[in-house]
Amino acid sequence: MAITKEDLQKVPEPYKTFMQALWPVIRTDEDGSIVRVTGIPYHMIESIVADRHGYSQTQVQTLSQQLQARGWIEVDKFGFYRPAGQGIEALRAINHAEPVAAVPELPEF
């Protein structure tokens, strides 16, 4: 089943942020990069979600458990996270729904 814009609007921002932290796994797989990112360590995801939403470690773990229960992410035996199943499709949709920000000019001093 394809993820629609309406589906994405129903996903709370903290879940989107968690999934966006996993984007390097998809990006390096899609662009044929020599160096492939196969997983993101938990502490990096926790830091991103905590900084953006003010969540505690327990709250980030709850997000993780919810995403795992839905099959959107997997965790390997070393604690590295990666998108899985419908989470891959959702992550692509989330990232393509976000407008690409233009890089501002660096002023002369």
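See the structure above.
Note that this is a predicted model, so its numbers are computed, not measured. Going along each chain's sequence as written, the residues are numbered from 1 onward. In view of the model being predicted, local features appear only for residues whose pLDDT reaches at least 70, and side-chain atom pairs are presented and counted only at 80 or more, with totals across whole chains, interfaces and linings using the full set of residues. Hydrogens and water are ignored here; the side-chain numbers use all heavy atoms of the structure.

### Some points on helix H5 (residues 57-69)
Helical geometry note: an α-helix holds 3.6 residues per turn, so side chains three or four residues apart project in the same direction. The test is simple: Where helices and strands are cited, they refer to DSSP runs of H or I of at least four residues and of E of at least two residues respectively, numbered from the N terminus. The span you would expect from a helix comes to 1.5 Å times its residue count less one. Type-normalised accessible area, obtained with a 1.4 Å probe on protein chains alone, sets the label of each residue: buried when under 20%, exposed when over 50%, and partly exposed for intermediate values. Here the arc refers to the set of directions running from the helix axis out to each C-beta atom. Contact between two residues is taken to exist if any of their heavy atoms lie within 4.5 Å; hydrogens are not considered.
For H5, built from 13 residues, the straight-helix expectation of 18 Å at 1.5 Å per residue is met to within 8% by its first-to-last C-alpha distance of 18 Å. Of the positions making up H5, those classed as buried are Val60, Leu63, Ser64 and Leu67. Viewed along the axis of H5, the buried residues span an arc of 100°, placing them on a single side of the element. Exposed residues on H5 whose side chains face more than 90 degrees from its buried face are Thr58, Gln65 and Ala69. Against the buried residues of H5 lie helix H2 (13-20), helix H4 (42-53), strand S2 (73-75) and strand S3 (80-83). Gly71 lies just past H5 and shows a positive phi near 80°.

### So, the nonpolar core
Side chains of a nonpolar character, in soluble globular proteins, are inclined to be buried together. Here is the rule: Among the buried residues, those of types Ala, Val, Leu, Ile, Met, Phe, Trp, Tyr and Cys that are joined through side-chain atoms within 4.5 Å form a nonpolar core.
If you look at the biggest cluster of nonpolar residues, it comprises 23 residues, and the most contacted ones within it are Phe18, Met19, Leu22, Ile45, Ile73 and Tyr81. Within the residue set of this core, elements represented by two or more residues are H2, helix H3 (23-30), H4, H5 and helix H6 (86-97). Once residues within four sequence positions are removed from consideration, Ile73 is found in contact with Phe18, Met19, Leu22, Ser64, Leu67, Gln68, Tyr81, Arg82, Pro83 and Ala84.

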